[in-house]
Amino acid sequence: MINIKFPDGTVKKFDKGITPLEIAKGISEGLARNVLAAGVNGKVKDALLPIEEDADLVLYTWKDKEGKSTYWHSSAHLMAEALEELYPGIKFGIGPDIENGFYYDVDFGDYEFTKEDLKKVEKKMIELAKKKQSYTRKEVSKKEALDYFTEKGDEYKIELIQDLKDGEITFYQTGDFVDLCRGPHLPDTKPIKAVKLLNIAGAYWRGDEKRKMMTRIYGITFPQKKELKEYLDLLEEAKKRDHRKLGAELELFMFSDKVGAGLPIWLPNGTLLRKRLEEFLVKEQEEAGYVQVITPHLGKKDLYVTSGHYEKYGQDSFQPIHTPREGEEFLLKPMNCPHHCEIFNHKPHSYKELPIRIAEFGTVYRYEQSGELHGLTRVRGFTQDDAHIFCTPDQLKDEFLAVLELTKKVLSKLGFEKYTAQISLRDPENKEKYIGSDDNWDKAEKAIIDATKEIGLETTTELGEAAFYGPKLDFMVKDALGRSWQLGTIQVDYNLPERFNLEYIGADNQKHRPVMIHRAPFGSMERFVGVLIEHSEGKFPLWLTPEQFKVLPVSDLYLDYANKVLSELKSAGLRGSIDNRTESVGRKIRDTELKKIPYMLIVGEKEVQDNLVSVRKQGEGDIGKMQILEFAEFINKQI
Ligand SMILES: [Zn+2]
Ligand SMILES: [Zn+2]
């Protein structure tokens, strides 16, 4: 007999060799139908794999991320099986699950696989899934594995097998399709009820552009048709909110091939938006005791050798800039921290001055691969809402708490109410991997955990995910469509104070090392604005939006009055402009609606006579007439 411990802590005895699926059946048939995979001693396994010794057991269903990833990875096998039936002789690369769904890389030989083919494959997948084929696991020797794929003629699988150790190789078979895979998979294909193949793209074998370009087919599957429909509706909605599309329509930002890929150019509207965000942050940070600095966009290469950033970014990023002077080299800064360490170091400090909080909207440059670039969310030059806090180890918790509070306040002001945090701690089994004393690490980790508890932040904890130089916390923010984005990070650092020899004089009159905290609530202005556009659908809060109103004269006759309205509202502190084109007022309303400007002020003969404006609200229509200053008050009251 073996002891199986369940997540609620209860322990039950079972025969050795029982499978998680059998255990589920013993609990209820309903549960057994829903079990997709099992967690055995912390590892995700097939629900059909016998358990041979005492174990902690979790039964994963669709509700769990482990259940979903097993389900989607198994769907990749099902797609490959369908493809092989429809296009005999094709070869397969890899087929993993991804955040939403799965893909498989396929070499179709001479056949040109297009989007037109997808329907046929979807139909075949449903047909095969209905057969309730099991995912049969078989352990094979390296020789057997190589023989099988040599006979099949799939050089990709052969290459993958060559990297594997003999004795650790498994095949999984569904129907006639055999795949090299370590698993885990579903017990059978029956739970796969709804299929959508979403996209095809080119993908180099093993990501190497010198090698074969394969066809990557993306798909997603669900246990219910209803869930697929909801997902497709969500995709449709996400497309409408795509910040690249809205960014162009609202004239917020652009890219230019001549300037360079991944280097965003902020247009006047986007600049207004960004400036207001920056002003807002500066104000919040000043209240929280930060000082603002400005440092250059580049620094001597040696600076980044000292900081260790050259080692990290040097090879794969922008290369050093040479000057007419022999041997002189500069780097575009990949991080602001080294500059801020130099600021700390420019004069001696007493413990009485700490904490010192240095903030900067610092622009940094990193060479992202061109395939990774994506609108404003993945760029090569971006401005961090950065700050570095230099404090004593004892101040760490209060500082961390204050940063969390600031971040929370800032996110809520921008309409993000749902977020969680991931705390990355060191691996307690491998303490020697990390720099800084045991005592400091314990203190820092406890400080982070206590601070998140105190503020009531929902967290997940990852052991072993900390950087070698300190624990950190990442904010995961949910947008209006329920998608998660990683935004701000708070990172404790024991490394840079060492590297830059930072010191303060303590109450004991001795020299001490300060602790450094890196923090950026938004992450970067670019990424944050990208996410904000998608979250708000480009309908920014009134206090932030580049233009709060547009004056729409019914004809050119009323331009003078329109100008008077504009100038009075500007004097009252509002932001707006006039649509002075010779267009019908209907056309002007439609265009202003598309620009998502919150209010339209229509002025014609009647309005001029009574010294009024007719107010329309974006998306809602006419809300009545107001006096000019009455409208200003109406707006200011909402901010
Ligand atoms: Zn697999
Ligand atoms: Zn930093």
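The model shown is predicted, which means the values in this text are computed figures rather than measured ones.

### Things to note about the overall build of the protein chain
- Broken down by element type, the protein chain carries 20 helices and 33 strands.
- Dimensions of the protein chain, computed from C-alpha atoms along their principal axes, come out at roughly 85 × 75 × 60 Å.
- When contacts within the protein chain are restricted to residue pairs at least 6 apart in sequence, long-range pairs at least 24 apart make up 68% of them.

### Details of the environment of Ile435
- Within the secondary structure, Ile435 is located in the loop between β22 (419-425) and α14 (438-455).
- When sequence neighbours within four positions are dropped, the list of residues in contact with Ile435 reads Phe468, Tyr469, Tyr494 and Asn495.

### A word on the sheet that holds strand β1 (residues 2-5)
- Across the sheet, which stays open at both edges, the 5 strands sit in the order β2-β1-β5-β3-β4 with mixed pairing between neighbours. Either end of the sheet is taken by a strand with one partner, and the two such strands are β2 (11-14) and β4 (43-45). Strand-to-strand, the axes of this sheet are offset by a mean angle of 35 degrees, without reference to chain direction.
- Sheet topology note: the strand β3 (residues 37-40)/β4 ladder contains 3 bridges and is antiparallel. Of the residues in β4, the one forming a bridge with Ala38 is Lys45.
- Here helix α1 (residues 20-27) sits on the sheet in contact with β1, β2, β3 and β5 (55-60), set at roughly 70 degrees to β5.
- Sitting on the sheet, helix α3 (residues 65-86) is in contact with β3, β4 and β5, with an inclination near 130 degrees to β3.

### Things to note about the sheet that holds strand β11 (residues 177-180)
- Here 3 strands make up an open sheet; going across it, the order is β9-β10-β11 and the pairing antiparallel. Only two strands of the sheet have a single partner each, and these edge strands are β9 (136-140) and β11. Within the sheet, the average angular offset between the axes of one strand and its neighbour, ignoring direction, is 30 degrees.
- In terms of strand pairing, β9 meets strand β10 (residues 169-174) through 5 bridges, oriented antiparallel. Considered in β10, the bridge of Arg137 is made with Tyr172.
- In this fold α3 packs onto β10 and β11, with an angle of close to 130 degrees to the strand it touches most, β11.

### Thoughts on the domain arrangement of the protein chain
- What the domain assignment lists for the protein chain is domain 1 (2-61), domain 2 (66-234), domain 3 (254-295 + 336-536) and domain 4 (549-638).
- Relative to domain 4, the C-alpha centre of domain 3 lies at a distance of 41 Å.

### Remarks on the pairing of strand β8 (residues 101-107)
- Burial analysis of β8 places 6 of its 7 residues in the buried class, the great majority of the element.
- Relative to β8, strand β6 (residues 91-92) is paired through 2 bridges, and the arrangement is antiparallel. Across the sheet, the residue bridging to Phe92 is Val106, located in β8.
- Examined bridge by bridge, strand β7 (residues 97-98) and β8 share 2 bridges and lie antiparallel to one another. When the sheet's bridge partners are listed, Asp97 is paired in β8 with Phe102.
- Joining the antiparallel neighbours β7 and β8 is a turn of 2 residues.
- Alignment of β8 against strand β13 (residues 213-222), held across 5 bridges, turns out to be antiparallel. From the neighbouring strand, Tyr104 faces β13, where its bridge partner is Ile217.

### Here we look at helix α17 (residues 559-571)
- Compared with an ideal rise of 1.5 Å per residue, which puts 13 residues at 18 Å, α17 spans 18 Å between its outermost C-alpha atoms and is within 8% of the ideal.
- Within α17, burial applies to Tyr561, Ala562, Val565 and Leu569. The buried residues of α17 all sit within an arc of 105 degrees when viewed along its axis, so they share a single face. Facing away from the buried side of α17, by more than 90 degrees, are the exposed residues Asp560, Ser567 and Ser571.
- Summarising the contacts, the buried residues of α17 are in contact with β29 (549-553), β30 (576-578), β31 (599-603), α19 (605-610), β32 (612-617) and α20 (628-638).

### Quick word on the environment of Ser69
- Within the secondary structure layout, Ser69 lies in helix α3.
- Note: C-alpha distance between Ser69 and Phe102 (33 residues apart in sequence) is 8.6 Å.

### Examining the pairing of β11
- Examined bridge by bridge, β10 and β11 share 4 bridges and lie antiparallel to one another. The residue bridging Gln173 from the neighbouring strand is Val178, located in β11.
- The turn linking β10 back onto β11 is made up of 2 residues, and Gly175 within it adopts a positive phi angle of 55 degrees.

### Some words on helix α6 (residues 155-162)
- For α6, every residue scored as buried is listed here: Tyr156, Lys157 and Ile161. Looking straight down α6, one finds that the buried residues subtend no more than 135 degrees of arc, so they occupy a single side.
- The elements touched by buried residues of α6 are β6, β8, α5 (142-152), β10 and β11.

### Regarding unusual backbone geometry
- Note the cis peptide between Gly183 and Pro184, where omega equals 0 degrees.
- Mapped onto the secondary structure, Pro184 falls in the loop between β11 and β12 (194-204).
- Across the junction of Leu354 and Pro355, the peptide omega takes the value -5 degrees, indicating a cis bond.
- Inspection of the secondary structure assignment puts Pro355 in the loop between α12 (337-344) and β20 (356-365).

Reading the values: rules and limits
Residues numbered from 1 in each chain as written. Chains lettered and ligands numbered in written order. Predicted model: local features only at pLDDT ≥ 70, side-chain atom pairs only at ≥ 80, totals over all residues. Helix = DSSP H or I, 4+ residues; strand = E, 2+ residues; numbered from the N terminus. Contact = placed C-beta atoms within 7 Å. Pairing = 2+ DSSP bridges. Axes fitted to C-alpha atoms, helices over the stretch in contact; angles between N-to-C directions. Domains from an automatic or database assignment. Buried ≥ 20, exposed ≤ 12 C-beta atoms within 10 Å, placed from the backbone. Expected span 1.5 Å × (residues − 1). Arc of directions from axis to C-beta.

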